[in-house]
Amino acid sequence: ENRGSHQLSPLEGGRIRGHHIICPKHGLRFDLRTGKPRGDLTSKPIAVYRLRIVEGWIEIADHAPD
């Protein structure tokens, strides 16, 4: 999901380090596998989606299981 759960700021442009994306506005990290945040600003996870590449196209499945 392209918005953090703290003030709903866009995550687009955030750096990816390992399995985390870092919110460019607040510095909060979210686990790309589970959506869970790391830090004190929020405890609410973001939505994550399973992706697969098929013949050069990206297919987005339903929400990944918790």
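Let me begin by describing the structure that accompanies this report. (Residues numbered from 1 in each chain as written. Predicted model: local features only at pLDDT ≥ 70, side-chain atom pairs only at ≥ 80, totals over all residues. Heavy atoms only, no water.)

### What to know about the overall build of the protein
Working step 1: Across its full length, the protein carries zero helices and six strands.
Working step 2: Overall, the protein shows an N-to-C arrangement of helices and strands of β-β-β-β-β-β.
Working step 3: Dimensions of the protein, computed from the C-alpha atoms along their principal axes, are close to 40 × 25 × 20 Å.
Working step 4: Of all 66 residues assigned to the protein, the portion counted as buried reaches 29%.
Working step 5: A sequence separation of at least 24 residues applies to 14% of the contacts in the protein between residues at least 6 apart.
Working step 6: Total accessible area computed for the protein in this model is approximately 5200 Å², and 51% of it derives from carbon and sulfur atoms.
Working step 7: Looking at the protein, you have 11 positive and 8 negative side-chain charges, and the mean spots of the two groups are 8 Å apart. (Helix = DSSP H or I, 4+ residues; strand = E, 2+ residues; numbered from the N terminus. Buried < 20%, exposed > 50% of the residue type's maximum accessible area, 1.4 Å probe, protein only. Contact = heavy atoms within 4.5 Å. Areas by Shrake-Rupley, 256 points an atom, 1.4 Å probe, with all protein chains shown as cover. Lys, Arg positive; Asp, Glu negative; His and termini not counted. Charge placed at Lys NZ, Arg CZ, Asp CG, Glu CD.)

### Some thoughts on the sheet that holds strand S1 (residues 16-17)
Working step 1: Strand order in the open sheet made by the four strands is S1-S2-S3-S4, with antiparallel pairing throughout. Each edge of the open sheet carries a strand with a single partner, namely S1 and strand S4 (37-38).
Working step 2: Across two bridges, the pairing between strand S3 (residues 29-31) and S4 is antiparallel. The residue bridging Phe 30 from the neighbouring strand is Pro 37, located in S4. (Pairing = 2+ DSSP bridges.)

### Focus on the environment of Ser 9
Working step 1: By the secondary structure assignment, Ser 9 is in the segment before S1.
Working step 2: Overall, Ser 9 belongs to the buried group, its relative accessible area being 4%.
Working step 3: Linking Ser 9 and Arg 33, residues 24 residues apart in sequence, is a C-alpha distance of 19 Å.
Working step 4: Not counting the four nearest positions on each side in its chain, Ser 9 is found in contact with Asn 2, Arg 3, Gly 4, Cys 23, Lys 25 and His 26.

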